[in-house]
Structures are given as structure tokens and as C-alpha cells.
Amino acid sequence: MPTLVTTRFLLFVGDVLPLRKLPQVSRRAPFYTSVRFLSRIDRDNGPLSLANLGLKSDFETTNKTEVSRSKVKEVKRVKEVGVKDSLAIEAAPFAANSFSELGLSPLLLERLEKEGFTVPTDVQSTAIPVILKNHDVVIQSYTGSGKTLAYLLPILSEVGPLKKKPPTGEQPGKKMEIEAVVVAPSRELGMQIVREFEKLLGPGDKKLVQQLVGGANRSRQEEALKKNKPAIVVGTPGRIAEISAAGKLHTHGCRYLVLDEVDELLSFNFREDMHRILEHVGRKSSADTRGTKNLLAKRAERQTIMVSATVPFSVIRAARSWGQNPLLVQAKKVNPIESVSPCGPVNLSENASNSSSSSNLQIQSAVESLPPALKHYYCVTRLQHKVDMLRRCVHALDSKSVIAFMNHTKQLKDAVYKLEARGMIAAELHGDLGKLARSTILKKFKNGEVRVLVTSEMSARGLDVSECDLVVNLGLPTDAIHYAHRAGRTGRLGRKGTVVTICEEPEVFVVKKLQRQLGVPIQACEFTEGKLLIAEEKEKYQMK
Ligand SMILES: Nc1ncnc2c1ncn2[C@@H]1O[C@H](COP(=O)(O)OP(=O)(O)OP(=O)(O)O)[C@@H](O)[C@H]1O
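What counts, and at which threshold
- All residue numbers refer to positions counted from 1 along the written sequence of the respective chain.
- Given that the model is predicted, a residue must reach a pLDDT of at least 70 before its local features are reported, and side-chain atom pairs must reach 80 or more before they are shown or counted; all residues, however, enter totals for whole chains, interfaces and linings.
- To obtain the side-chain values, all non-hydrogen atoms of the structure were used and water was disregarded.
- Helix and strand definitions follow DSSP, with helices as H or I runs of at least four residues and strands as E runs of at least two, each counted in order from the N terminus.
- Partly exposed describes any residue whose relative accessible area lies between the buried limit of under 20% and the exposed limit of over 50%, with all areas from a 1.4 Å probe on protein chains only and scaled to the type maximum.
- Contact between two residues is taken to exist if any of their heavy atoms lie within 4.5 Å; hydrogens are not considered.
- Methods summary: accessible areas were calculated by the Shrake-Rupley approach with a probe of 1.4 Å, and residue burial reflects only the protein chains presented.
- Whether a residue is near a molecule or strand is decided by its heavy atoms; if any one of them lies within 4 Å of it, the residue is near.
- N or O atoms within 3.5 Å of each other form a polar contact, as long as, within protein, one can give a hydrogen and the other can take it, and as long as residues adjacent in sequence are counted only when both atoms are side-chain atoms.
- The definition of a nonpolar core used throughout is a set of buried Ala, Val, Leu, Ile, Met, Phe, Trp, Tyr and Cys residues joined through side-chain atoms within 4.5 Å.
- His residues and chain termini do not enter the charge count, which takes Lys and Arg as positive and Asp and Glu as negative.
- Here, a salt bridge means any Lys or Arg side-chain nitrogen found within 4 Å of an Asp or Glu carboxyl oxygen.
- Every angle, taken between N-to-C directions, lies between 0 and 180 degrees, and every axis is a line fitted to C-alpha atoms, over only the stretch in contact when it is a helix.
- Between 65 and 115 degrees an angle is taken as roughly perpendicular, under 35 as roughly parallel, over 145 as roughly antiparallel, and anywhere else as oblique.
- By convention, the crossing between two helices is left-handed when the near helix turns anticlockwise from the far helix through less than a right angle, and right-handed when the turn is clockwise.
- Gly falls in the polar group here, along with every residue not listed as nonpolar (Ala, Val, Leu, Ile, Met, Phe, Trp, Tyr, Cys, Pro) or charged (Asp, Glu, Lys, Arg).
- The rule for a disulfide is simple: a pair of cysteine sulfur atoms within 2.5 Å.
- Confidence of the predictor in every single residue is expressed as pLDDT, which spans 0 to 100.

Asker: A description of the overall build of the protein should follow, citing residues and the corresponding values.
Answerer: Helices and strands together make up the secondary structure of the protein, namely 17 helices and 21 strands. Looking at the protein residue by residue over its 544 residues, the buried ones come to 53%. Contacts spanning at least 24 positions in sequence make up 73% of the contacts within the protein whose residues lie at least 6 apart. Working note: accessible area of the protein is about 24700 Å², and carbon and sulfur atoms make up 52% of it.

So this is what it looks like as C-alpha cells:
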């Protein structure tokens, strides 16, 4: 039986100053430690480096301290609804000085500047040149590090009105086929990706991208496909597969297939739909092919881009069969997928082994899925007091924008009712609600009209609300991967964020296990008299 040994608590005002470090947990390595491009991949072109990607590399020579200091930046964002004019960003993951170093089209660079995107994040600086060189990739970087733009920008640099100057003879904007298919596991994430595309395309060209998400009117989507002839479609696996099977989505000549949250897309639920998508996107119809040679050639038409903060080995296996010599792209690192072993650097929790060397690698990799600035706590209470503890937690941390995760939809309503009864503006968001209700609630939360969003696992992936400063687990996540994605709803793009897991005493051992797998300290705490009290850091938990 697991036992929680009594601990002393330390009154906390301002930043956390642990009296002692947790002995068993390796603290997060400094963010810029793994500054290197590992040996390469492409047998034709020699070792992969920024140089042979046609770009200068200053990564190897970068001074860690200097970089960290220079990363304290203010990122000004324009035109965000209900968002402050400027957001202070500490230790933001920016490596290149500007997007213009990455080989993007001049028109796109103009649009980026107009939208207030001036400096690429590390993962963007690494991924964009690799994608522009037509490599199949798996992009892995922690939540909120800007993976969406990392694939969206090279696509917009080649597709649509912002693309690089077409070769003479080709008329700009004339192409009438689907050139990019982006697949995401939820409607909310799909819609969010569409908005990112639209933001850069501008109002005049936003019809170039069409959403094909489930829950929305299918015939309207089909009509829009026919009428607007979009070059890019973004959708959920079910709806894309459905419309494709009905013969209304022509993707055989498609150049890009993006699988966002690829590890989630591998789940059993999506299996059949993903199979259809993988078979039909970027493949020419059999009428176009003559003989085996062409059959082989047709797959080369498609560039496959797989993305997630968490890349278990199942994704590496999938990437090997779906892509052609795919590369694993992480912030400042590019590796051939063939070099990744089951115990290698991206294996979060799969194939867990007790050997110390492999578990070290797993810890290293798990750390890479979590934003570095996050603080993690847990507190113990009885089941019936969890919502009250949540309320106290929100007050003690003075959090303005909170996402609270619960595992059962039925409990959400009750939690919202309790919070509202105590004067806290809360709302529920889950899969049983209609599409309109879901998007209205999400909008209100993003605008700051709702302080606490009580939600299910469906909001754990991809949801981008930059103001979210607190994530609370009212129900435990099923594993380290789920913890990482939930936690990643806060502390986005280098901002401060706190994750609090509220659990019952018999569940504490699960928190300890998550702590070991993730390689970050999750400190015991209490919320008393409007203050956060942090447990004195000594080994306080034993397994018997
Ligand atoms: N270079 C940049 N400069 C300023 N803001 C940026 C930049 N790149 C991305 N962002 C913003 O950062 C936020 C997080 O980006 P994004 O949602 O792509 O993260 P992510 O890595 O995909 O996260 P997750 O793994 O949770 O899906 C978004 O609001 C995005 O608009």
C-alpha cells in the first residue's frame, strides 16, 4: 500500500523557493542544452545541416547563457479578440532572428509581419527549412511551442496566393486541385488550424482553405468544395474520409498530408478513416498509372508531415511506413527516423523498461513534451471536496483563466453548478454538447467571459488559449501522455503556467508515477487562507 508520510508546509508568497530539491527526480535540463544537429539522413546530399539545407547554422556556436538572456522578449500580437496588447514572454523559445532567414516567400513574410509574427520559435526555425526541402517529417516539440506555424508556413509558401513566384508560364492562383490536407483529431483543433490559415491568407483569400470537420453540415461542406475549389482542406478523419469516399474530395494530386496530433490519430477509433486518407491523399487514380514503375512513383507525390508534442514509438513505426525516409525534427535537432530505437529519445511511456539507461532516455524525452516554465503541484482532498479545493486553488493563485479537467461528463455539470453557486463564472465543455454550444463556450472562455472552463479530455489536445494560466486535474489523467497534453494548455509560448492535480489520498502514488515518467517535480501543496502552501521538499512518499 502506498503511504503518504506527513510533510511540513511552507508558506508561499511569490515565486516558489523549495527548501530542498526532490532527490529522485532529475530537474529539467536547461532548455538550450541539446543544441546540435545530429548526423543525417539523406544519402544523396550528405550530412544534414542548416548549411546543406541552404541556410546558415549558428546553433553549434551559440552561447547558452547569452541565448537564454536574449530570449526574454515581448511578443506583440495584433488583432486578437479580447487579448492584451502585449504579453510578456519569459525564456521564449526563439532561435532565429527573423522568419526571413528560413526561405519563406516574400509575400508570406509580409503577411507574418502584419499579423505580428516577427521571430520564429526554435521548432519553426528547425522544421521550416526541412519541410521546404520536401522531406517527410515527424515534428516533436513541447506543447505551445508553435508547431502549427512550423508546418503551415512552408505549405503557404508553396500553395495559394502567398506562394513563391511561380515559374514562368504558370499562372498564379490558377491551380484548382486540393494541394494540402490537414487532419486533426477534434473539430475544435481543426477549426483552430483553419483560423491560423485564414489569419495569414487574409479575408480576400480565406476561401482557399475549407474546413471539413464532423458535426457541421456535410452538404454545405461539399457545396463549398465544389464552389470555392479550395487548395487546402483541414478536417477530422471521419468527415474527410466520408467526403472522399463519396467521390467529392479529389486529393490524388495532393502535395502535402499533415497529421496533427499524430499519436492521437493512431488510436483505434480513427483506424479505418486514417487508412482511407493515407491511401487516397497524394495518390494518383489507377487510371493515371501505367505499370508498377508509376505505382511506385505516385507515392512520391505526397509529402507527409506528422506532428505532436508526444511521439511514442508507435508514431515512429507509423512514420516509417507512411513516409519516405522521414526525419524526426525537434527544436534545433534533426535525426533520421531510422536512428530512433524503441528506447530512444521520443519514447514517452511505451515499452517502459526498468533498466536505468532506457528509463533515463524516457525521462529526457518526456521532459521535452512539457513547456519549461510550467510549475506542477498536487494536493490531497476527499472526493466531495474537490470542487471546493479547485475554487480555493483559483483564488490562492489569483488565476484568471482556468481549465479544469474531469474524466466523466456527468460530473462536469455538478462542478460548474457548485462553482457558480460560489460566485465563480464557470462553463462546461464536452463532446455531448452541440457544435454551436461548444464554439460559443470556447469563444467566451477565450474572451475572458468565463473564468473556469470545466472540460473533458477533448480539450486536452491542441486547444490554444494563450491567457490560460492554470490547469487543474480534478480527475487524474490516464497516463503521462495525457498529463502532458492537459498541462500544455497553460504556459504556452514561454508564458508562466501552473498545473495542479487535486487527488484523493489513495491516488497519490499515481501522481508520483507521473512525476517519475515526466521527469518534473510535482510538489505537494495545500490551499489555506487564500495562500498556496508548498510542502517542504524531502522524500515523503514511499511504496511499500
Ligand atoms: N513565432 C511566433 N511568434 C509569436 N507567436 C507565435 C509564434 N508561433 C506560434 N505562435 C503562437 O503561439 C501559440 C501556440 O502555438 P501552437 O498552437 O502552434 O503550439 P503547438 O506547439 O502546436 O501546441 P500543442 O502541442 O498544444 O498543439 C499560438 O497562439 C500561435 O499563434
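Asker: Could you give an account of the site of the ligand, with specific residues and numbers?
Answerer: In the region of the ligand, 23 residues are neighbours, and Val119, Gln124, Lys147, Thr148 and Asp464 sit closest. In this structure, arginine 489 approaches the ligand through a side-chain N or O atom, which is 2.9 Å from an oxygen atom. One nitrogen or oxygen atom from the side chain of arginine 492 is found 2.9 Å from an oxygen atom belonging to the ligand. With 3 residues, helix 4 (residues 147–156) is the largest single contributor of residues to the shell around the ligand.

Asker: How would you summarise the nonpolar core if you had to cite specific residues and measurements?
Answerer: Formed by 44 residues in total, the largest nonpolar core has its most connected members in Ile139, Tyr151, Leu153, Phe197, Ile232 and Ile305. The biggest single contributor to this core is helix 4, with 7 residues. Among residues more than four places away in sequence, those in contact with phenylalanine 197 are Leu152, Leu156, Val182, Val209, Ile232 and Val234. Leu463, Val465, Val471 and Val511 belong to the second largest nonpolar core, which has 33 residues in total.

Asker: I'd like a description of the side chain of aspartate 136, backed by residues and values.
Answerer: When you line up the elements, aspartate 136 lands in the loop between helix 3 (122–132) and strand 5 (137–140). Although aspartate 136 lies buried, it forms no salt bridge, and the closest oppositely charged side chain, arginine 302, sits 6.5 Å away as judged by the N-O distance. At 2.8 Å, the side chain of aspartate 136 forms a polar contact with the backbone nitrogen of threonine 304. Apart from residues lying up to four places away in sequence, aspartate 136 is in contact with Arg302, Gln303, Thr304, Gly323, Gln324, Asn325, Pro326 and Leu327.

Asker: Can you explain the packing of helix 5 (residues 187–201) against helix 15 (residues 435–446)? Please cite residues and give values.
Answerer: In helix packing, the relevant descriptors are the interaxial angle and the interaxial distance, both defined with respect to the helix axes. Relative to each other, helix 5 and helix 15 sit at 60°, their axes nearing to 11 Å. The angle between helix 5 and helix 15 falls in the class oblique. The way helix 5 lies across helix 15 gives a crossing that is right-handed. Counted together, Arg187, Glu188, Gln192 and Arg195 of helix 5 and Lys435, Arg438, Leu442 and Lys446 of helix 15 form the full contact between these two elements. Tallied by class, the residues present in the contact of helix 5 with helix 15 amount to 1 nonpolar, 1 polar and 6 charged.

Asker: A description of the state of the cysteines should follow, citing residues and the corresponding values.
Answerer: Within this structure, the stated rule accounts for 0 disulfides. Considering cysteine sulfurs only, cysteine 393 is the nearest to cysteine 468, which forms no disulfide, with 12 Å between them. When its relative accessible area of 1% is taken as the criterion, cysteine 468 is described as buried. Free cysteine cysteine 525: the closest other cysteine sulfur is in cysteine 379, separated by 4.8 Å.

Asker: Quick rundown of the confidence of the model for the protein? Include the residues and the values.
Answerer: Taken over all residues, the pLDDT of the protein has a mean of 78, while the share at 70 or more is 71%. Here residues 284–300 is modelled with pLDDT under 50, and outside its nearest four sequence neighbours on either side it reaches 13 contacts, counting other chains as well. For this predicted complex, the interface score ipTM comes out at 0.99, while the overall pTM is 0.78.

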